[in-house]
Amino acid sequence: MNKQAAKKRNISSIQVMKTLQVLMQGNYTMEELVKILNENEQGNVFNHSVVSKYINTCRYCGITIPKIHNKYFVSHIPFGMDITDSDFDLINKLQFTAQNNMSAKASKSFEKFLDKISRYSNKRILRIAEKTKDVTGTLFEKAILDKNKVRLMYKNKTIEDCIPLGTTTHKGRTFLNVFVNNKEKTVSIARIAGLEILNEKFKQFDTNTTVIFKLKGALSQKYQLRPNENVITDSRPNYIAIANRGENKDILFSRLLRYQNLCEVEHPKAYRDEMKEIINNTLSNYGV
Amino acid sequence: MLNTEGISDLNQISLTGLRAIALIGLLIVKPRSIGEIKAAFVDMNIMDKTQSDDILRIDLNTIKAMGCEINRASRSTNFKYVLTKHPFALPVTLDDYKLLKRVYDKVKDTVSIAVLIKYDMLFKKIASFIYDTEIKEAFLGISALKQFDIEQLSNLEADCNNERTITILYKKVNSSTESKKEIIAQKLVFNNDKVYLYGYDINKKGSVVLNVKYITSILSRKLTSNGINSKPVKVKFFIKDFGTDSPSDEENVIEVNDNGYIVEGNYFNEFLAIQRILSFGANCKVLEPIDFQDRIISALKEMRKTYE
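What counts, and at which threshold
Residues numbered from 1 in each chain as written. Chains lettered and ligands numbered in written order. Predicted model: local features only at pLDDT ≥ 70, side-chain atom pairs only at ≥ 80, totals over all residues. Helix = DSSP H or I, 4+ residues; strand = E, 2+ residues; numbered from the N terminus. Buried ≥ 20, exposed ≤ 12 C-beta atoms within 10 Å, placed from the backbone. Contact = placed C-beta atoms within 7 Å. Axes fitted to C-alpha atoms, helices over the stretch in contact; angles between N-to-C directions. Parallel < 35°, antiparallel > 145°, perpendicular 65-115°, else oblique. Left-handed = near helix turned anticlockwise from the far one by under 90°. Nonpolar A, V, L, I, M, F, W, Y, C, P; charged D, E, K, R; others polar. Pairing = 2+ DSSP bridges. Core = buried A, V, L, I, M, F, W, Y, C linked by C-beta atoms within 7 Å. Expected span 1.5 Å × (residues − 1). pLDDT = per-residue confidence, 0-100.

1. Examining the overall build of chain B
Here is step 1: Looking only at helices and strands, chain B features 9 helices and 11 strands.
Here is step 2: Counting across all 308 residues of chain B, residues that qualify as buried make up 34%.
Here is step 3: The contacts in chain B between residues at least 6 apart in sequence include a share of 53% that link residues at least 24 apart.

Structural data, given as structure tokens:
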């Protein structure tokens, strides 16, 4: 390589790329762009006409830089990710889940991540919808944080005052976990017509119940531990005892019932008794 | 890539800037030799073929000054410049990865294998635009199907959609030998990070649920459907409410009354039907058939003994 060429650089090329880099980070007016670009320069290297020229250069490269509400931003780069219609659908599903099943903070962070994907895609429009707030979920989370009891108003017009414990997502649906009448209960958010935060406070509630259950025979051999589980006694091939922490009680019970007589809830006693009660109540459905 | 046709006034643009961005774009797509870059530039009308290659070397230095890392064109790279890092790469962080994984983990159990395969491909696509090795590997590890052969799953999914008969070699983890099975593929199910093939075993004349991980080879597939009823276990039951669950693909609500729902389920085999019914607990009562109701009662009695 020619040694002279090895040292040379095109200053205006570097400035064009700096302009593009800034535009890929956010939406800016011309004044904001000039200010940001000059921040790391000695003197005012960038001005309106120079930046306009650089934006034009990027546009000639096939980079789409719209100006909306007086702000410039990159909406498409030709060498970016090829986001297909099918990818759109997948992204939309993730976005919907984040909006409806996660905290407002997490949902907002996820929107920012999608915005990055959007800027680095080769699609001209990536449908990033405005965040919709799930009022019930937000109020419920606030009540947990402030340790206030809540009043749930159901769509069937009944009312229930309870201690809010947390939210659970199962098979794409959101549930509120509450403590009412000395029992944990799981309520689908779809059943809720309204929620009121009561002034009455509750004491810190341990929602991280550890349930110990025994699995016997063949099931003990092939059972795959969940991320919130660990084996506390391993007597395979006869049985294993598993500690499960913090899983929603109704979801856990529903799963353990499937294991039939190969499963036995051992601890806490209240859970063991409840499992027994479920079995007896189910048998009584058949007059047994 | 370039929209150079409209360049009528060179004062409107920076030609060197245009070349720099074009060069990054060309190298992102694939490694190129100096000759290939020149040919592309000439083709794009942003360089004259009589101009010296040194112009391109200056362009390469310029983009390096902006943070591009480019492997020297050598024999090992087939004399091509290889772009290994650039300032326009997707700027995702480990926090983005953790967040995406949290959201995906909420979605993965609610979608079909076909959709999980699409997510797997999307994550691979995103990862291909990430240059930080640690973050790239993190993104590649998000997919619930990361341990699976995606091509095999796609083929099995197609087999299930068409209820094809496949001949497979199957080897359980504790078994020392492979067994040959002839299966009518019916449904591919993702559950607790495992993939199961629901099917009908032609030789055993019964339904089977096979862990896809243990399928060591697919020897053949018949492209036509076999016509065997894939969901032979029909159960009618009453349910007060579905609680934390909802009707599955196999279940149809046939009547709604003040107390609850009458549902008809068509299941792949009796074992799965019993598991499903028991999971509803005291909310559910089997109405028909009576022999299936008896099996549920027997199962419950055995369960009751456990707690005596």
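Structure's up, so let's keep going.
2. Looking at the overall build of chain A
Here is step 1: The secondary structure content of chain A amounts to 10 helices and 11 strands.
Here is step 2: Counting over 288 residues, chain A shows a buried share of 31%.
Here is step 3: Once local pairs closer than 6 in sequence are excluded, the contacts in chain A between residues at least 24 apart make up 54%.

3. A closer look at the packing of helix H6 (residues 104–119) of chain A against helix H4 (residues 94–107) of chain B
Here is step 1: Remark: H6(A) packs on H4(B), axes separated minimally by 10 Å, with the N-to-C direction vectors making an angle of 115°. Accordingly, the angle class assigned to the pair H6(A) and H4(B) is roughly perpendicular. Two packed elements cross with a definite hand, and for H6(A) against H4(B) that hand is left-handed. Seen from H6(A), the contacting residues are A:Ala106, A:Ser109, A:Phe110 and A:Phe113; seen from H4(B), they are B:Asp96, B:Leu99, B:Leu100 and B:Val103.
Here is step 2: Each residue belonging to the contact of H6(A) with H4(B) can be placed in one class, and the counts come to 6 nonpolar, 1 polar and 1 charged.

4. Description of the sheet that holds strand E5 (residues 173–180) of chain A
The pairing of strands in a sheet comes from backbone hydrogen bonds and takes either a parallel or an antiparallel form.
All names here are of chain A.
Here is step 1: On the basis of which strands lie adjacent, the open sheet formed by 5 strands has the order E6-E5-E4-E3-E7 and antiparallel pairing. Each edge of the sheet is formed by a strand with only one pairing partner; in this case those strands are strand E6 (183–188) and strand E7 (192–201). Direction aside, the axes of adjacent strands within the sheet are offset by 45° on average.
Here is step 2: Two elements, strand E3 (residues 148–154) and strand E4 (residues 159–170), share 4 bridges in a ladder whose sense is antiparallel. The residue bridging Val150 from the neighbouring strand is Cys162, located in E4.

5. Observations regarding the interface of chain B and chain A
Here is step 1: Chain B puts 69 residues into the contact, and the matching count from chain A is 70 residues.
Here is step 2: Mapped onto the side of chain B that touches chain A, the elements with two or more residues apiece are helix H1 (15–29), helix H3 (54–65), H4, helix H5 (113–127), helix H8 (270–279) and helix H9 (290–306) of chain B.
Here is step 3: In terms of residues, the side of chain B that touches chain A owes the most to one element, H1(B), which gives 10 residues.
Here is step 4: Considered class by class, the residues forming the side of chain B that touches chain A number 34 nonpolar, 19 polar and 16 charged.

6. Regarding the nonpolar core
Here is step 1: Counting residues in each nonpolar core, the largest one holds 122 residues, and the members touching the most others are B:Ile21, B:Val103, B:Ile126 and B:Ile277.
Here is step 2: What B:Ile277 contacts, discounting residues up to four positions off in sequence, is B:Val235, B:Phe237, B:Cys284, B:Val286 and B:Ile296.
Here is step 3: Of all hydrophobic cores here, the second largest spans 11 residues; its members include A:Val150, A:Cys162, A:Phe175 and A:Val178.

7. Brief notes about unusual backbone geometry
Here is step 1: In this structure, the amide linkage connecting A:Arg236 to the following residue, A:Pro237, adopts the cis form with an omega of 10°.
Here is step 2: One can find A:Pro237 in the loop between strand E9 (229–235) and strand E10 (239–245).
Here is step 3: Following A:His267, the chain continues into A:Pro268 via a peptide bond in cis, with omega recorded as -5°.
Here is step 4: By the element assignment, A:Pro268 lies in the loop between strand E11 (263–267) and helix H10 (269–285).
Here is step 5: Of note, the phi angle at B:Asn78 is positive, near 60°, even though the residue is not glycine.
Here is step 6: By the C-beta count within 10 Å, which is 10 here, B:Asn78 ends up exposed.
Here is step 7: Although it is not a glycine, B:Asp193 adopts a positive phi angle of roughly 65°.
Here is step 8: Within the secondary structure, B:Asp193 is located in the loop between strand E4 (179–191) and strand E5 (194–201).

8. Quick look at H3(B)
Here is step 1: A rise of 1.5 Å per residue sets the reference length of H3(B), with its 12 residues, at 16 Å; its end C-alpha atoms lie 16 Å apart and thus fit the reference within 8%.
Here is step 2: All of the buried residues along H3(B) are B:Leu56, B:Ile58, B:Asp59, B:Leu60, B:Asn61, B:Thr62 and B:Ile63.

9. Some details on the pairing of strand E8 (residues 210–216) of chain A
Residues and elements named next belong to chain A.
Here is step 1: Here E8 runs beside E10; their pairing, made up of 7 bridges, is antiparallel. Across the sheet, residue Lys214 finds its bridge partner in E10, namely Ala241.
Here is step 2: Summarising the sheet, E8 and E11 pair through 4 bridges and their orientation is antiparallel. The residue of E11 that forms the bridge with Lys214 is Glu264.

10. Some points on the sheet that holds E9(A)
All names here are of chain A.
Here is step 1: Taken in spatial order, the 4 strands make up an open sheet running E9-E10-E8-E11, and their pairing is antiparallel. The open sheet is flanked by E9 and E11, the only strands paired with a single partner. Each strand axis lies, on average, 25° off the axis of its neighbour in the sheet, ignoring direction.
Here is step 2: Strand direction decides the pairing type here: E9 and E10, joined by 6 bridges, are antiparallel. From the neighbouring strand, Asp234 faces E10, where its bridge partner is Ile240.
Here is step 3: Of the strands in this sheet, E8 and E11 are in contact with H10, which crosses E11 at around 145°.

11. What about the packing of H5(B) against helix H7 (residues 150–161) of chain B?
All names here are of chain B.
Here is step 1: Two elements in contact, H5 and H7, have axes whose closest approach is 10 Å; the angle formed by their N-to-C orientations is 150°. Relative to H7, the element H5 is oriented roughly antiparallel. In this structure, H5 crosses over H7, and the sense of that crossing is left-handed. Residues Ile113, Ala114, Ile117 and Asp120 of H5 form the contact with H7, whose own contacting residues are Ile150, Leu153, Ser154 and Glu157.

12. Focus on helix H4 (residues 48–60) of chain A
Residues and elements named next belong to chain A.
Here is step 1: End to end, H4 covers 18 Å across 13 residues, agreeing with the expected 18 Å (1.5 Å per residue, within 8%).
Here is step 2: Within the sequence span of H4, burial applies to Val51, Tyr54, Ile55, Asn56, Thr57, Cys58 and Tyr60.
Here is step 3: Phi for Gly62, located one or two positions after H4, is positive at around 95°.

13. A short note on the confidence of the model for chain A
Here is step 1: On average, residues of chain A score 83 in pLDDT, and 91% of them are at 70 or above.
Here is step 2: Residue range residues 124–133 of chain A is modelled with pLDDT below 50. Its contacts to residues more than four positions away, or to other chains, number 20 contacts.

14. A word on the pairing of E4(B)
Residues and elements named next belong to chain B.
Here is step 1: In terms of strand pairing, strand E3 (residues 164–170) meets E4 through 6 bridges, oriented antiparallel. Bridge assignment links Thr167 to a residue of E4, and that residue is Glu182.
Here is step 2: Alignment of E4 against E5, held across 8 bridges, turns out to be antiparallel. Bridge assignment links Ile183 to a residue of E5, and that residue is Asp201.
Here is step 3: Hairpin connection from E4 to E5: 2 residues lie between these consecutive antiparallel strands, with Asn192 at a positive phi of about 50°.

15. Quick word on the confidence of the model for chain B
All names here are of chain B.
Here is step 1: Put simply, chain B has an average pLDDT of 89, and 94% of its residues get 70 or more.
Here is step 2: Highest mean pLDDT in chain B belongs to H9 (96); lowest belongs to strand E7 (residues 215–225) (85).
Here is step 3: The ipTM for the predicted assembly is 0.71, set against a pTM of 0.64.

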